[in-house]
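# Structural overview for review
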Amino acid sequence: MNQPDPEFSEQLSRSEKTKYRLAQSMKECMKTTPVDAITVRQITEHCNLTRQTFYRNFLDKYDLINWYFDKLLIKSFEHMGRGKTISEGLEKKFTYIAKEHLFFAAAFRYDSQNSLREHDFELIFQFYQDLIREKTGQNITEEMRFLLELYCQGSIFMTVKWVLGGMKQTPKELAALMIESMPFKLSRLFQDYDTLN
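Residues numbered from 1 in each chain as written. Predicted model: local features only at pLDDT ≥ 70, side-chain atom pairs only at ≥ 80, totals over all residues. Heavy atoms only, no water.

A few words now on the overall build of the protein chain. Of regular secondary structure, the protein chain possesses 11 helices and zero strands. Helices (α) and strands (β) of the protein chain occur, in sequence order from the N terminus, as α-α-α-α-α-α-α-α-α-α-α. In terms of its C-alpha atoms, the protein chain occupies a principal-axis envelope of roughly 55 × 35 × 25 Å. Here the protein chain holds 197 residues, and the buried ones make up 47% of them. Nonlocal contacts in the protein chain, meaning residues at least 24 apart in sequence, comprise 65% of its contacts between residues at least 6 apart. (Helix = DSSP H or I, 4+ residues; strand = E, 2+ residues; numbered from the N terminus. Buried < 20%, exposed > 50% of the residue type's maximum accessible area, 1.4 Å probe, protein only. Contact = heavy atoms within 4.5 Å.)

This is the structure:
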């Protein structure tokens, strides 16, 4: 796990720092042990914390995974937002996911209720809606909303498939495929505002 940078780390509460320590430990355990076989004892022993500390912060190891996955998702969208175009933003997002591949793969694999994928969908759907609102100065139409929802659901599905399938495409190649698969009216809207690629 990438440790929070020092400036950010100073802003973290003691509880947040503890959670990041536990997440780092979980990630280390994942290198050698499948998630379903990892115990809370392994996690706490690896980072020299007590089981009581673990349970003060998380319900179980899946609660820890969900918490850290949420942090990673938000960070990945920060990377996406730093791109000058959607294409560049997607490439930055997928590069970040590739760096955190182990955790993303474990999280998607063990998400039986699909809540993580749903959360990823909500974030990307909101990201594109905000971008459209920012560029056009108005809310999206019902037609565009439908196209955007369809596109975002498909892009989440393919992102999960990419993560779980060994990431055969590079982040740049995957970003290009995502741009190519965008519905015509949606891509034309982004092209009109010079934000696609």
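With that settled, the discussion passes to the packing of helix H5 (residues 61-81) against helix H7 (residues 101-109). Where H5 contacts H7, the axes come no closer than 10 Å and their chain directions differ by 125°. Between H5 and H7, the angle falls in the class oblique. For the crossing formed where H5 meets H7, the hand is left-handed. From H5, Ile-65, Tyr-68, Phe-69, Leu-72 and Leu-73 reach across to H7, where they touch Phe-103, Phe-104, Ala-107 and Phe-108. (Axes fitted to C-alpha atoms, helices over the stretch in contact; angles between N-to-C directions. Parallel < 35°, antiparallel > 145°, perpendicular 65-115°, else oblique. Left-handed = near helix turned anticlockwise from the far one by under 90°.)

This model, assessed by the stated rule, comprises eight salt bridges. Between Lys-27 and Glu-100 there is a salt bridge, and its shortest N-O distance comes to 2.7 Å. You can see Lys-27 sitting in helix H2 (residues 14-30) and its partner Glu-100 sitting in the loop between helix H6 (86-99) and H7, a full 73 residues away along the chain. Here the two residues Lys-27 and Glu-100 agree in accessibility, since each one is buried. Among the ionic pairs, Glu-28 bridges to Lys-31, the shortest N-O distance being 3.1 Å. (Salt bridge = Lys/Arg side-chain N within 4 Å of Asp/Glu carboxyl O.)

As a further point, take the side chain of Ser-187. Summarising the element assignment, Ser-187 is placed in helix H11 (residues 184-192). Judged by relative accessible area, which is 10%, Ser-187 ranks as buried. A polar contact is formed between the side chain of Ser-187 and the backbone oxygen of Phe-184, at a distance of 3.0 Å. Those residues in contact with Ser-187 that lie beyond four places of it in its chain are Met-182 and Leu-196. (Polar contact = N/O pair within 3.5 Å; in protein donor to acceptor, adjacent residues only side chain to side chain.)

The next subject is the nonpolar core. Grouped together as the largest cluster of nonpolar side chains are 62 residues, with contacts concentrated most on Met-26, Leu-90, Tyr-128 and Phe-190. Setting aside anything within four residues of it in sequence, one finds Leu-90 in contact with Met-80, Tyr-128, Tyr-151, Ala-175, Met-178 and Ile-179. (Core = buried A, V, L, I, M, F, W, Y, C linked by side-chain atoms within 4.5 Å.)

Along helix H10 (residues 171-180), the positions that sit buried rather than exposed are Pro-171, Leu-174, Ala-175, Met-178 and Ile-179. For H10, the buried positions fall inside an angular range of 140° around the axis, keeping them on one side. Structural note: H10 exposes Lys-172 and Glu-180 on the side pointing more than 90 degrees away from its buried face. Against H6 and helix H9 (142-164) lie the buried residues of H10. (Arc of directions from axis to C-beta.)

Before going further, it helps to spend a moment on unusual backbone geometry. The backbone of Asn-48 shows a phi angle near 55°, a positive value even though the residue is not glycine. Within the chain, Asp-194 stands out as a residue other than glycine whose phi angle is a positive 55°. Of note, Asp-194 is situated in the segment after H11. By relative accessible area, which is 62% here, Asp-194 ends up exposed.

This next bit is on the packing of aromatic side chains. Applying the stated rule across the entire model yields 13 aromatic pairs. Centre to centre, the rings of Tyr-20 and Trp-67 are 5.0 Å apart; their planes meet at 75°, and the pair counts as edge-to-face. In this pair, Tyr-20 is assigned in helix H2 and Trp-67 in helix H5, connecting sequence segments 47 residues apart. Residue Tyr-20 is classed as buried on the basis of its relative accessible area, which comes to 9%. Between the aromatic rings of Tyr-128 and Phe-190, the centroid separation amounts to 5.9 Å while the plane-to-plane angle is 45°, which identifies the pairing as tilted. Of the two residues, Tyr-128 is situated in helix H8 (residues 115-136) and Phe-190 in helix H11; the sequence distance between them amounts to 62 residues. Overall, Phe-190 belongs to the buried group, its relative accessible area being 2%. Here the aromatic residues Tyr-20, Phe-54, Tyr-55, Phe-58 and Trp-67 are joined through ring pairs into a cluster of three or more. For the cation-ring pair, Lys-19 lies above Phe-58, with the distance from its terminal atom to the ring centre recorded as 5.7 Å. (Phe/Tyr/Trp six-rings, centres within 6.5 Å; stacked < 30°, edge-to-face > 60°. Lys NZ or Arg CZ within 6 Å of the ring centre and 35° of its normal.)

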